[in-house]
Amino acid sequence: MSHTFDFIFAGIGGQGSVAASHMIGDAAIEAGYRVAIGETHGAGQRGGAVLSHVRLWKEGSFGPLIMDAEADAVIGFEPFESLKSAARFLKPGGTVVTNEHPVLPSNRNYPEMDAIFANLKKIPARVFAVNATQIAKEVGDVAALNIAVLGAASGSGMLLIPEEFLKKIITGYFPKSAELSLKAFDLGKRLVAERV
Amino acid sequence: MGKVGIDEPGKKTLLMGNEAVARGALEAGCRFAAAYPGTPSSEILETVASFAKDFGIHAQWSTNETVALWAGAGATYCGLRSLVVAKHHGVAWMVDPLINFAHWQIGKGGLVVVICDDPQGHSSSNEFDSRNLAARVFEIPILEPADPREAKELTKYAFELSETLKCPIYVRMTTRVSHATGDVTFGEIPKERPKSEFYPTPIELGMEMIVKYGWVDMAYLHERLHVKRLKEAAEVSNGFTGNTLTMDGGGAVGVVASGVARHYIEEALSKLGAEVAFLQLSMSYPLPTEKASKLLNAVKRVIVFEETDPFIEMELRSFAKDAAPQVAILGKLTGHTPVSGELTVLKVMNALADVLGKEKPTSPDRTEINAMIKPYLGIRRITLCAGCPHRASGYVVRKATQDMGVNYVGIGDIGCYGMMGLPPLLSFMLTNCMGGSIGMANGIAKSGIDAPVMAFIGDSTFYHAGVPSLINATFNDARFTTVILDNRVTGMTGFQPHPGSGYNAMGEAVKIVDLEALVKACGVEVVEVLDPYSIKKSIEGVKKVLAEKKTACIIFRRACSTEYLRNRRRKGLTPPKPFRVDQEACNGCKACVDEFGCPAISWDGQVAKAVIDDALCRGCANCTQICMERAIKVVKQ
């Protein structure tokens, strides 16, 4: 049995994290991998945290759930959700790529941003951040947030999948707004920076 | 035809387990599909509907699971292959007809019943294991796919098996198969469409019995099921290529597993560096006794992994009692595997490590990080969406009853509006299952309590199971108020249409079953239709109805805000303009935060004023009607 490459996609309902995980899955098939993605739908989605497990491999067969402390990377769409998921799922020395723009809960009870990044580093992890929310606003579609995060993940060098496969899939998902989406991807890739 | 109906055999694509079931049905030449929505099953019928017209398939959202099964079985009597889908709660609604279809006979077309169980109850009110019904009550074969690839193949095969054994076949999915997504390869789609022809197959059986016994004999029917069909099914199970036995590990320990647990075991064994004899079951009922016997006679102990009940474990125990009494069968009954909840690789590793005498996996110490996270874990609570009409309805009922000085007894039902039972609305305190609100309100209203009783039920749930409950209530003169939360769709499961929507699963315009007329015909004396977005008017409306103290029904009618936004987007329209809180005018009374609880409104503790997140606000304007200071205004752009 060979090993898997395990990614956790962590976000909040409506941020497009599930769609992004499926784009990675589609691109991975193009790149010759087998894929299993696990997620739970239903009531939990209404404004709550959304988590997808994405597993890629070449030989053998695997279930859709990643074990605690075994994910190679966390791809996060919201900083606190990234920390929560990384604390549970990321292997020591794994990679985190996260949107740095927070979504505050209604009582505004939210940790300090510095504490979030300091704790991510304690895992220990390599941490990459980008303001994907800002990029999405700049390209003119708040829904492009997930593409900006995918661009950042690609830019961090942790994705196994060659950029051209990803761009082909993104274009296929958004035939009418491909230019805008690819711009969000490129900006995410260019602006992502490692937190040291 | 959507991405799942593409006619490109050999194409490899990413499919969710539920989409794969739909594709399997298409590749089997299935021509009829019926379901009532329910997580985690809804995508199956949605997917069939996406390609139905291209392949001459009829796909329908039925009003409940019982009628879905009848419709599906009806099509088999016309020679069509037919698919019926529900979640585990739904199969409970199919019990009586499904027993009869199993004891008697389905039509010439195969009947495949796909049931999506929800171990852990991620989206359900319990996690019961429906295989118990399939095997013990319906007595029909069970197929258990492990992943999307197998979901497609087993669904396709199930139609063939149904026609061979002349009985319904049970395909048992679980959340981690239904909602797992993986690479699946498309097969051929049959081009021939056999002509529909009515042929009532059970009549042959009836005639056979009349000739033999002078009358139909139910015991004969049951006997025939046992001595003939289940025996044939057991032979199929023994020869089935999906039931595989590998004899690694030198004979000390054997493992038996079904469903997604099979993958967990492969991963756990590889991580533990262990080998075992392994019987994998794609067809778990009837048990493949020859393969089981081979395993039992080669090992000293067998451990069973399955979700959620010890179903295979009991079958194996019962078989081993005579076949291999020396073998210890371990699992849920012996405390070696968890008795409830879904399995994970970790749970499987822990159980296997115990049995194999291996070291259990350890996890890195993250105490410090977790301590920092802990205070914030509950910050994103489950709640109704911004703009949800149910929030306004709950607020209106609360305010109206407070004005009247009345403390009502509220009973809830199954749907998004279940969240009206949570703070701050606290609209009701009891919920059971589909239709239970009106059903229980009847008993409570007849129990001699003083408080007025109100049953809260969604529109789709009312059409599903509310109608007979309401007729029973008026028939027995139970005086209470039924509150129908009518948002025009089945909201919780993904906006599927129902008899009040005006269109069906295939997008065709259909007649609306008039809710007011229906309620009146059920014998309700006072019927009031209110728009929950007109808060003051609705409060007065509720007061008027409650003051009459009659058998009443309030229909709160307003489209689901999420579906409304989706429709606007489809039409290329921008969303309604968001509102903002005028920080000068806000007096910090917190009514909008504490009493209404819209997720778009937050509380800025530093300045003690409410704030609206313009990305979340859906411009419903309900909060503007609640604010006493009129501090909430439209954002001018």
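Residues numbered from 1 in each chain as written. Chains lettered and ligands numbered in written order. Predicted model: local features only at pLDDT ≥ 70, side-chain atom pairs only at ≥ 80, totals over all residues.

**Here's the deal with the overall build of chain B**
In terms of helices and strands, chain B carries 23 helices and 23 strands. For a compact globule of 637 residues, the expected C-alpha radius of gyration is about 26 Å, and chain B comes in at 28 Å, within 12% of that figure. The principal-axis extents of the C-alpha atoms in chain B amount to approximately 80 × 70 × 55 Å. When each of the 637 residues of chain B is scored for burial, the buried share is 53%. Summarising the internal contacts of chain B: among those between residues at least 6 apart in sequence, 78% fall at separations of at least 24. (Helix = DSSP H or I, 4+ residues; strand = E, 2+ residues; numbered from the N terminus. Rg over C-alpha atoms; globule rule 2.2 N^0.38 Å. Buried ≥ 20, exposed ≤ 12 C-beta atoms within 10 Å, placed from the backbone. Contact = placed C-beta atoms within 7 Å.)

**A short note on the overall build of chain A**
Within chain A, the secondary structure is distributed over seven helices and seven strands. Reading chain A from its N end, one meets helices and strands in the order β-α-β-β-β-α-β-α-β-α-α-α-α-β. A globule of 196 residues ought to have a C-alpha radius of gyration of about 16 Å, and chain A, at 16 Å, matches this closely. Seen through its C-alpha atoms, chain A measures out along the principal axes to roughly 45 × 40 × 35 Å. Per-residue burial over chain A gives 57% buried out of 196 residues. A sequence separation of at least 24 residues applies to 69% of the contacts in chain A between residues at least 6 apart.

**Concerning unusual backbone geometry**
Residue and element names in this part refer to chain B. Residue Pro40 is bonded to the preceding Thr39 through a cis peptide linkage, with omega at 10 degrees. With respect to the helices and strands, Pro40 occurs in the loop between strand S2 (32-35) and helix H2 (43-51). Following Tyr285, the chain continues to Pro286 via a peptide bond in cis, the omega torsion being -5 degrees. Tracing the chain through its elements places Pro286 in the loop between strand S12 (283-285) and helix H12 (289-296). In this structure, Lys166 takes a positive phi of about 55 degrees despite not being glycine. With respect to the helices, strands and loops of the structure, Lys166 is situated in the loop between helix H7 (148-165) and strand S7 (169-174). Among the residues examined, Lys166 registers 18 C-beta atoms within 10 Å and is labelled partly exposed. A positive phi angle, near 70 degrees, is found at Ala621, a position not held by glycine.

**Things to note about the interface of chain A and chain B**
Facing 47 residues of chain A, the contacting portion of chain B comprises 46 residues. Every element with two or more residues in the side of chain A that touches chain B is listed here: helix H1 (17-30), strand S2 (34-39), helix H2 (79-89) and helix H3 (113-122) of chain A. Here the side of chain A that touches chain B takes six residues from S2 of chain A, the largest share from any one element. In the side of chain A that touches chain B, the residues fall into 24 nonpolar, 15 polar and eight charged. (Nonpolar A, V, L, I, M, F, W, Y, C, P; charged D, E, K, R; others polar.)

**Notes on the pairing of strand S5 (residues 90-99) of chain A**
Residue and element names in this part refer to chain A. The buried fraction of S5 amounts to seven of the ten residues, a majority that puts the element mostly inside the structure. Where strand S4 (residues 71-76) and S5 come together, five bridges link them in parallel fashion. If you follow Ala71 over to S5, its bridge partner there is Leu90. Crossover handedness for the path S4 to H2 to S5: right-handed. (Pairing = 2+ DSSP bridges. Right-handed = clockwise from strand over helix to strand, strands pointing away.)

**With respect to the nonpolar core**
Membership of the largest hydrophobic core comes to 175 residues, with the highest contact counts inside it found for Ala148 of chain A together with Ala33, Ala35, Val48 and Val348 of chain B. Domain assignment of the residues forming this core places at least three in each of domain 1 (12-212) and domain 2 (244-356) of chain B. Every residue in contact with Val48 of chain B, bar those within four places of it in the chain, is listed here: Ala22, Ala25, Ala33, Ile57, Ala59 and Leu83 of chain B. Counting residues in each nonpolar core, the second largest holds 69 residues, with Phe428, Ala441, Leu485 and Leu515 of chain B among its members. (Core = buried A, V, L, I, M, F, W, Y, C linked by C-beta atoms within 7 Å. Domains from an automatic or database assignment.)

**Observations regarding the sheet that holds S2 of chain A**
The strand order S7(A)-S6(A)-S5(A)-S4(A)-S1(A)-S3(A)-S2(A)-S8(B)-S1(B) describes an open sheet built from nine strands, whose pairing is mixed. A strand with exactly one partner marks an edge of an open sheet, and here the two such strands are strand S7 (193-195) of chain A together with strand S1 (12-16) of chain B. Between one strand axis and the next, the sheet turns by 25 degrees as a mean value, whatever way the strands run. As defined by bridge partners, strand S1 (residues 5-12) of chain A adjoins S4 of chain A across four bridges and the pair is classed as parallel. Opposite Phe7 of chain A, over in S4 of chain A, you have Ala73 of chain A as the bridge partner. Running over the sheet, H3 of chain A touches S5, strand S6 (125-130) and S7 of chain A and is turned about 150 degrees from S6 of chain A. (Axes fitted to C-alpha atoms, helices over the stretch in contact; angles between N-to-C directions.)

**Some words on the confidence of the model for chain B**
Chain-level statistics for chain B give a pLDDT mean of 95 and a share of 100% at 70 or above. Scoring of the predicted complex yields 0.96 for pTM and 0.93 for ipTM. (pLDDT = per-residue confidence, 0-100.)

**Some points on the domain arrangement of chain B**
What the domain assignment lists for chain B is domain 1 (12-212), domain 2 (244-356), domain 3 (389-570) and domain 4 (579-634). Summarising the inter-unit geometry, the C-alpha centres of domain 1 of chain B and domain 4 of chain B are found 49 Å apart.

**Brief notes about helix H6 (residues 131-138) of chain B**
Among the residues of H6 of chain B, those classed as buried are Arg131, Leu133, Ala134, Ala135 and Phe138 of chain B. Remark: Glu139 of chain B follows H6 of chain B within two positions and exhibits a positive phi of approximately 55 degrees.

**Side note on the environment of Pro162 of chain A**
Residue and element names in this part refer to chain A. Along the polypeptide, Pro162 turns up in the loop between helix H5 (145-155) and helix H6 (163-173). Looking at Pro162, the number of C-beta atoms within 10 Å reads 13, which means it is partly exposed. Residues Pro162 and Ala27 lie 135 residues apart in sequence; the distance between their C-alpha atoms is 8.6 Å.

**Points about helix H1 (residues 17-27) of chain B**
Residues and elements named next belong to chain B. Taking burial as the measure, the eleven residues of H1 include ten buried ones, the bulk of the element. The complete set of buried residues in H1 reads Gly17, Asn18, Glu19, Ala20, Val21, Ala22, Arg23, Gly24, Ala25 and Leu26. Two residues or fewer past H1, Gly29 is found with a positive phi of approximately 80 degrees.

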